[in-house]
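Close look at the chain arrangement
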Amino acid sequence: MCSRVFVFLIGAVYIYYQVLATDVYVAELMVESNVTLEAKTVLSVLNAAELQVTSSGISYTVNLLNSELVAECLIIGDESSCNCSDGYIWSNSVCYTFNCCRETTCTQNVSHITPLCVAKVKVKINGSVTLVASSVTWDTTKTSELVTAFEQLNGFEYLNVTGQRLSDTVADFEAAVSVRFDTSRLQNIVTKLQNTLGGVFKVDTVGMVTIEAPRTTVCYKSTPILKCTFEEATDTAGWNMSRRNERFELNTGSVVSLDYSCSTEKYKSCVKVTLNLVTGAWSGTYECGFVRGSIRHTAKAQLSVALLPDVINLKTNPLTADCSGNSENVPVPVAVTATVLNSTENFTVCWNYSLGGVNSEKLQPQPDGNYLVYTFTVQVTCKKTKEPQYVYVTFENQKKQFKSERVDIPVIYEGATFCKEDWINGEQWPKTPSENTVINQTCQLGRVGYKSRTCKGTNWQPVFSYCVNQELNKVLGAADNFLQGLGATQDVAMDIFSGLKNSSASDSDSDDETADVSASINVLNVMASASKNVVLNQEIFPDFVEAASNMLNKTWSGVNSTVVHTMSATYLESVEGLVKNVKVNNSREVKGVDRPNLKLDICSSTDCNVTVFDINVNLNKTSGILKTFAVKNLMHKLRNIFPKTAPTSLVLSAILESNNDSMLNITLKFPREQLNSSEAFCVFWNTTEMNWSKAGCSVKTSDDNHTVCECNHLTSFSVLMAKGDISTESLDIITSVGLGVSICSLLIFLIIESLVWSAVVKSNLSHFRHTAMVNIAMFLLLADCSFLASTSPEDLSSTLCLVLTICKHLFFLAMFSWMLCMSVMLVHQLIFVFSPLRKRVFMFLSSIVGYVCPILIVGSSFVYCKYTDKNYYDPKTCWLVFDRLLEGSIHAFLLPVGTVILTNLFSMVVVILTLVKSSATDGGKSDDKETAKGILKVVVFLTPVFGVTWIIGFFLLILDHRDPMFVVANYSFTILNSFQGLFILITGCIAEQKVREELLKLIMAKSKGKSESMKNLTSTTYTKDK
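Counting of residues starts from 1 at the beginning of each chain's written sequence and follows it residue by residue. Totals for whole chains, interfaces and linings use all residues, but because this is a predicted model, local features are given only for residues with pLDDT of at least 70 and pairs of side-chain atoms are given and counted only at 80 or more. Only hydrogens and water are removed before side-chain values are computed, so all heavy atoms of the structure are retained for them.

**Things to note about the overall build of the chain**
Strands here are runs of E lasting at least two residues and helices are runs of H or I lasting at least four, both read from the DSSP assignment and numbered beginning at the N terminus. The secondary structure content of the chain amounts to 19 helices and 54 strands. Per-residue burial for the chain yields a buried fraction of 44% across its 1026 residues. For this analysis, residues touch if any pair of their heavy atoms sits within 4.5 Å. For the chain, restricting intrachain contacts to residue pairs at least 6 apart in sequence, the fraction spanning at least 24 positions comes to 68%. All accessibility values rest on the Shrake-Rupley procedure with a 1.4 Å probe; residue burial counts only the protein chains present in the view. Accessible area of the chain: about 52,100 Å², with a carbon and sulfur share of 54%. Note on exposure labels: buried denotes an accessible area under 20% of the residue type's maximum, exposed denotes more than 50%, and partly exposed covers the range between, all computed with a 1.4 Å probe on protein chains only.

Put into C-alpha cells, the structure is as follows:
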C-alpha cells in the first residue's frame, strides 16, 4: 500500500486566505491519500474549490490568493521518501531529530512533522577566534575543526577563514546556513570550540533578526522609527549607526529615543529607536543587535534623509555698503557667497533681497574641497530706509522642503554717522554705520569661528573673538553628538574629557583665550545635560576635574561683565550637574581628585567629615554618597547683587547620591579671609535667580579665623563679606554740613592767599609753603565739590557717576601728593639747614609729584580695569570698587594715600624730635611747659595740612563695626575730614602771623581810605554852605 502526502503553502509565501476582504492569514495544508496523486492535480482542485473557514463560531468564505508545493513524501509500507521543493529545506525539528539536514531525500518517517520544510533564508555567521596561548598559531588543522563543528548546523552551506591577524593568533571566518537556528545550538558549538582550540570567540549573525525601517527617503526634520524583533529572549539589545567610515553606538539622547518594551508573545526580544527631527547627519546604515551569551544577532537597514544644509555660511564683500558718496539712484554692488558642506542632495538654491523682491535665479554651485560655494551679486539701494537691508538665501531639497539663512548688509547713508575703516593685526574692519556690528569670519590658522566688532557713534568697540581652537571645536562636536545620543558611551565620554583637558591646558592668545574658555564651558554644559540620559562612571573624574580646573587659570577677559556672569554661572551649574550625575561605585574605595582650582572629595560613610580647600564639611546621613567639591578663582566672576557685600575666594558644592533622608543639616566651616570689620553672610547659589541667596542658611559662629554656616539643603555654598552699614542720618547731616563749611572756608582761604601773596612770599621757604598750601586747598575744594555732587548716586547717569568718581580719585590723590611735598620740604629744611632747596628744583619736583603722579595713577588704574574687564567704579556709590584684599580699584587710592600718611607721620615725628632736642640743649633757659606747648602747636597745625586725620579711615577698615570704638572712630573720621577745609583756613591763614598782619593792613587801608573819602566829602559840603 502506498500513499502520498503533499504539504502546500497557500498564499503569498505560506497559505493565505482572505476573510471579509480585509485580513490576510497564513496556514499550512497537508493532503494525504492512499492513491497515486500528482501535486498539480491537488493544486488545481484547491484553486477551484470554495473553502469555508470557521473562526470564533463564525464561518467565512475563503478566497485563495496563492498556492505553492512545499514538500512531497512517498510512503511505501514502512519505507518513506520525502523531499523538500526548490527553495525549501528541512526544518530544525526534522534535522536535529531525524538527522535529515541536507537538501537530499529523507528516508525517515517525517511526514507527520510540522513544519516539514521551511523556506530557505540567508543566515550569515561572522566571527573571529583569538588564540589565548601566544605560542600557538592558526593552521589548517584548526580550520578543519572549525568547519566540522559548524557542519552540525542545519542548512550548513560553507565556512571560510577570511584572514589571519596579529602573527596568526587571530583568525577571521565567515559561514552561511540556509535556515534559522536556536541561539543555544550555536552557543554550544562555540563553547566546545573554545575548549578544544584554546581561543576566545566573537560571533555575529545576520539574517536571524527582523528589521523594520523606512524604505524611502524621509523628510528633513522628520521623526522616523526603526524596529528590530527577535524570536528568542536575549540578554541585551542595542543600535549602532555607521557613516563615512564612522561607527556610533546609539543611546537615549536629545535625538535618539530607545524603547525596549515592544516585545510580543512571538517576538520575545524587541528594540525600537525613534529619531527626533533628523538632519543629514543621521543618514547612514543602522544596525540593531541582540546579545545572548557570546552570540550577537544583527540586522541592518539604510536610512536616507532628504538633506538640507545644517549650516549655511553667508559672507558679503564688501562687508558694508558705502553710500556716503553716492546719490540715491546709484546702487552699490555687494557680492554674496553662500557656503555649505558638500552633499549628495541636488539643491535648488535661490535668493531674495529685502528691498528687491524674490529673485528667481537658480544658483549653480562651485565645488571647493569639502564645500559647495554659491555666489551672486546684490545691487544694494542707497535710498535711505529705517528698515535694515538684508539678503535671504533659500535651499530646497527633493522633498520640497526649504531652509533659509539671512545676512544683514550695513549701509552707510549720506550724512550718517559711521566709524572709519580700521586695521587690527592685519584684519580689516571696514567703514561701518553707527550701531551696526560687523562679522569677520577670518580666523588665524588652527582656529574656526568668527570675530565681531560694533560701531557706536564714531568709535569702534573692542573686537570680540569667537575663534575657537580647531581641536577644541572637534571636542565640542563630539559632545554635541553625545548629547544627541550618537556614540553616547563611557569610552567616548572618556575621550571627550581627555580632549577637553588637553585643549584647556594649552596656552591661547589673549584675544582668543575667552573664546576657548567659552567653548570649554559649553562642552561641560553639554556633557552635564547628556549625563542625565547616559550613565557615566567615576573613571571620568580625573580628566574632567583637571579640565575644569584649567579653565579657571584663564583671565576670561575681552568680554563684558554680563557675559562673564553667564559663563561663570554655566560653569558652576555644569560642574555640579556632572558631579551629581556621574555614578560612584560604592563597593570599592573611591579617592577624590585634587587640582589647583578644583578639589573633589567623596564620602560614603554615614558620618561625613571632609575638608576641601580648607573648608570643613560635616553631614550626618543614613545612606547614600556625599560628593563635595570646592572651586577657586570663580567667586569674583559670578554675579553678585547681594547688597553691600564682597565675595570670598571659595565656592563649595555638596551633592548627595542615592539618599532618601527627609531632613538634612549640613555644617560648613569657611576660612575667614576679609578684615575683622567685615560681617559674614552664609549664602547659596540660586540657579533660578542667577544670584546668591541666604534662604535656608545661617551663620552659626564667626570669628577672626572662621565662619561656620548651617544650611538645611544641599547646593553650591559660599560666604559673602559685608561691611556693617555705618551710614546714619546724623552722619549724613554732619558730612553735608561739614563739606559746605569746608567749601566756603577753602574759597575764603584762596581769596586771602591771592590778596596777601606778594606780601607774605618773601623767601624761598615761604614760597614753598604757600605754593603747597594753595594746591592743597584747591584740590581739596574740587574734591569736596565732586563728593557733594555724588551724594545721591541713584539720581546720576552712569557717565556722570564715572566722571565724578575719576574726579574724586584724582583730586584727593593730588591733595595728598602736595601734602607729601610740603612734609618732605619741611624735613629737608630741618635736617639740611645749610643746604636749602632751590626754588626751581622744588617747583620741578613738586609739579611731578603733585600733578603728574596722580594723573598716572588714576589713568593706569582706569585703563587696567577697562582692559581686564573689571569694574573701575561702583554705580551704587560713585566711588572705587573693593573686591577683596589687594583686588579692586580702591587699592589705587588706599596704597598711595597710606604711603603719604605714613611719610607725613614720620615728618611730624622728626619735627617734634627736633623741637625737643633744641629745648634740651637750652637747659634751664627753656621751660618744659613751653616745650609741651610747642609740640602741641606742631601737632595741631600740621595734622590738617599733612592729612593725618585720614589715618582714622584705615582704623575703620580694621575695627569690627560691633566694637564701641568703631562708632567713636567713625564720627571722628567724619567730623575731622568733612571740616578739613575749615581747619586748613584756621591753621594756614588765621594762625599765621604774617598773613594776619597783612590781612589787617589791607582791612585798615580800606577802612582808612573810606574814612578819608568821607572826610573830604564833609569838608566840601561845609565850604559850600559857607
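**Some details on the sheet that holds strand E18 (residues 256–259)**
Any two strands between which DSSP finds at least two bridges are classified as paired. Pairing within the open sheet is antiparallel, and its four strands lie in the order E14-E15-E19-E18. Each edge of the sheet is formed by a strand with only one pairing partner; in this case those strands are strand E14 (210–212) and E18. With strand direction ignored, the average angle separating the axes of adjacent strands in the sheet is 15°. Where E18 lies against strand E19 (residues 269–275), four bridges are found, and the strand directions are antiparallel. In the sheet register, Leu-258 faces E19, and the bridge partner there is Val-273. Fitted lines through C-alpha atoms serve as axes, helices being fitted only where they are in contact, and the angles separating the N-to-C directions of these axes extend from 0 to 180 degrees.

**A closer look at the packing of aromatic side chains**
For any pair of aromatic rings, the description rests on two quantities: the centre-to-centre distance and the angle between the ring planes. The criterion for an aromatic pair is that two Phe, Tyr or Trp rings (for Trp, the six-membered ring) have centres within 6.5 Å, with stacked assigned to planes under 30 degrees apart, edge-to-face to planes over 60 apart and tilted to the rest. Applying the stated rule across the entire model yields 24 aromatic pairs. Linked through ring pairs, Phe-812, Phe-816, Trp-879, Phe-893, Trp-950 and Phe-973 together constitute an aromatic cluster. Two conditions define a charge located above a ring, namely a distance within 6 Å from the ring centre to NZ of Lys or CZ of Arg, and an angle within 35 degrees of the ring normal. Taking NZ or CZ as reference, Lys-632 lies 4.4 Å from the ring centre of Phe-613, over its face. The ring centre of Phe-787 lies 5.3 Å from the NZ or CZ of Lys-808, which sits over that ring.

**Some words on the pairing of strand E21 (residues 295–303)**
Most of E21 sits out of view: seven of its nine residues are buried. Both strand E13 (residues 199–206) and E21 contribute to a ladder of four bridges, which runs parallel. Of the residues in E21, the one forming a bridge with Val-203 is Ile-295. When strand E20 (residues 284–292) meets E21, the two strands line up antiparallel, connected through nine bridges. Bridging from a neighbouring strand, Gly-289 pairs with Thr-298 of E21. Counted between consecutive antiparallel strands, the loop separating E20 from E21 contains two residues, among which Gly-293 sits at a positive phi close to 65°.

**Things to note about the sheet that holds strand E43 (residues 615–620)**
One open sheet holds the five strands; their spatial order is E42-E43-E47-E51-E50, and the pairing between them is antiparallel. A strand with exactly one partner marks an edge of an open sheet, and here the two such strands are strand E42 (607–612) and strand E50 (697–702). Taking each pair of neighbouring strands and ignoring which way they run, the sheet shows an average axis angle of 20°. Across six bridges, strand E47 (residues 666–671) lies against strand E51 (residues 706–711) in antiparallel orientation. By the bridge assignment, Ile-666 is partnered in E51 with Cys-711.

**Comments concerning the side chain of Lys-637**
Among the structural elements, Lys-637 can be located in the loop between strand E44 (625–632) and strand E45 (646–647). What makes Lys-637 buried here is its relative accessible area of 5%.

**Overview of the environment of Ser-907**
Turning to its location among the elements, Ser-907 is positioned in helix H14 (residues 891–921). Remark: the alpha-carbon pair of Ser-907 and Leu-942, spanning 35 residues in sequence, is separated by 9.7 Å. Setting aside residues up to four positions removed in sequence, Ser-907 forms contacts with Ser-823, Val-824, Val-827 and Phe-946.

**As for the environment of Pro-944**
For Pro-944, the location among the structural elements is in helix H15 (residues 928–946). Under the relative-accessibility criterion, Pro-944 is labelled buried at 8%. Sequence separation of Pro-944 and Gly-981 is 37 residues, and the distance between their C-alpha atoms is 8.5 Å. When sequence neighbours within four positions are dropped, the list of residues in contact with Pro-944 reads Met-819, Gln-980, Phe-983, Ile-984 and Thr-987.

**Observations concerning the confidence of the model for the chain**
Residue-level confidence of the predictor is what pLDDT reports, using numbers from 0 through 100. Mean pLDDT over the chain works out to 84, with 88% of the residues at or above the 70 mark. Contacts from residues 10–22, a stretch scored under 50 in pLDDT, to residues over four places away or in other chains number 44 contacts. Low pLDDT, under 50, characterises residues 1017–1026; the stretch is placed with zero contacts to residues that sit more than four places away or in other chains.

**Topic: the side chain of Ser-549**
As for its position among the elements, Ser-549 is in helix H8 (residues 541–551). On the accessibility criterion, Ser-549 (1% relative accessible area) is buried. Setting aside its immediate chain neighbours within four residues, Ser-549 contacts Tyr-571, Arg-595, Pro-596, Asn-597 and Leu-598.

**Quick look at the packing of helix H12 (residues 798–831) against helix H13 (residues 839–867)**
How two helices pack is summed up by the angle between their axes together with the distance between the axes. Across the interface, H12 lies against H13 with an axial gap of 9 Å and an inter-helix angle of 150°. The orientation of H12 relative to H13 falls into the category roughly antiparallel. Here H12 runs over H13; the crossing is right-handed. On the side of H12, the interface is formed by Leu-802, Ile-806, His-809, Leu-810, Leu-813, Ala-814, Ser-817, Trp-818, Leu-820, Cys-821 and Met-825, while H13 contributes Phe-842, Ser-846, Ser-847, Val-849, Gly-850, Tyr-851, Pro-854, Ile-855, Ile-857, Val-858, Ser-861 and Phe-862. Three classes are used, and their members are as follows: Ala, Val, Leu, Ile, Met, Phe, Trp, Tyr, Cys and Pro are nonpolar, Asp, Glu, Lys and Arg are charged, and the others, Gly among them, are polar. Its residues placed into classes, the contact of H12 with H13 shows 17 nonpolar, six polar and no charged. The cut-offs work like this: below 35 degrees is roughly parallel, past 145 is roughly antiparallel, 65 to 115 is roughly perpendicular, and the gaps in between are oblique. In this scheme the crossing of two helices becomes right-handed for a clockwise turn of the near helix relative to the far one and left-handed for an anticlockwise turn of less than a right angle.

**Digging into the state of the cysteines**
Cysteine sulfurs are considered disulfide-paired once they come within 2.5 Å of each other. Inspection of every chain in the model, using the stated rule, returns 13 disulfides. A sulfur-sulfur distance of 1.8 Å marks the disulfide that ties Cys-262 to Cys-270. Residues Cys-262 and Cys-270 share a disulfide whose torsion about the S-S bond is about -100°; that sign makes it left-handed. As far as burial versus exposure is concerned, Cys-262 and Cys-270 are alike and both buried. Unpaired in this structure, Cys-744 has its nearest cysteine sulfur neighbour in Cys-785, at a distance of 9.6 Å.

**Things to note about the nonpolar core**
Joining through side-chain atoms within 4.5 Å is the link that ties buried Ala, Val, Leu, Ile, Met, Phe, Trp, Tyr and Cys residues into a set, and such a set is a nonpolar core. Ranked by internal contacts, the top residues of the largest apolar core, which has 79 residues, are Phe-150, Trp-239, Leu-275 and Trp-282. Apart from residues no more than four positions distant in its own chain, Phe-150 is found in contact with Ile-125, Phe-156, Leu-159, Phe-173, Leu-186, Ile-189 and Leu-193. Membership of the second largest hydrophobic core comes to 61 residues, among which are Met-551, Leu-572, Leu-578 and Leu-598.

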